[in-house]
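Each chain is listed here by its residues.
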Amino acid sequence: MLLSRDFVGHIAKEVVKRLVAGKMIESKNAENLTQQVRQVMADEVGIEDRLNEEVREILSRYSEEMQRSGASYQEMYKKVKGQLARERKLILR
């Protein structure tokens, strides 16, 4: 995760504050709304972390085969990650 959890919380707080101040949204409980926005943002940021972990698991299952064929771990990592991202219609940074 490139963003710390504290920074995600700060961003969520600022987003809610500016939306309310700009009268783009109304909220009776800004703190609750901030927590909901923070959770959604944290989940979104964590998608790539979970994808990376899945790629590592897949490649570990095929490590012997990759060694026999001389495949580069880095190249296979990029290919598998790209394929999974396309299948799931994810946009990665």
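Cut-offs applied
- Residues numbered from 1 in each chain as written.
- Predicted model: local features only at pLDDT ≥ 70, side-chain atom pairs only at ≥ 80, totals over all residues.
- Heavy atoms only, no water.
- Helix = DSSP H or I, 4+ residues; strand = E, 2+ residues; numbered from the N terminus.
- Buried < 20%, exposed > 50% of the residue type's maximum accessible area, 1.4 Å probe, protein only.
- Axes fitted to C-alpha atoms, helices over the stretch in contact; angles between N-to-C directions.
- Parallel < 35°, antiparallel > 145°, perpendicular 65-115°, else oblique.
- Left-handed = near helix turned anticlockwise from the far one by under 90°.
- Contact = heavy atoms within 4.5 Å.

Undergrad: Hey, could you run me through unusual backbone geometry in this one?
TA: Negative phi values dominate among residues other than glycine, just as trans dominates among peptide bonds. Even without being glycine, Lys 23 reaches a positive phi, approximately 55°. Relative to the helices and strands, Lys 23 is located in the loop between helix 1 (5-21) and helix 2 (30-61). Judged by relative accessible area, which is 74%, Lys 23 ranks as exposed. Even without being glycine, Lys 89 reaches a positive phi, approximately 55°. Relative to the elements of secondary structure, Lys 89 occurs in the segment after helix 4 (73-87).

Undergrad: Would you mind going over the packing of helix 1 against helix 2 with me for this structure?
TA: In helix packing, the relevant descriptors are the interaxial angle and the interaxial distance, both defined with respect to the helix axes. Following both chains from N to C, one finds helix 1 and helix 2 inclined at 130°, their axes separated by 8 Å at the closest point. Between helix 1 and helix 2, the angle is such that the two are oblique. The crossing of helix 1 and helix 2 is right-handed. Within the contact between the two elements, helix 1 uses Val 8, Gly 9, Ile 11, Ala 12, Lys 13 and Val 16 and helix 2 uses Ala 30, Leu 33, Thr 34, Val 37, Arg 38, Met 41 and Ala 42.

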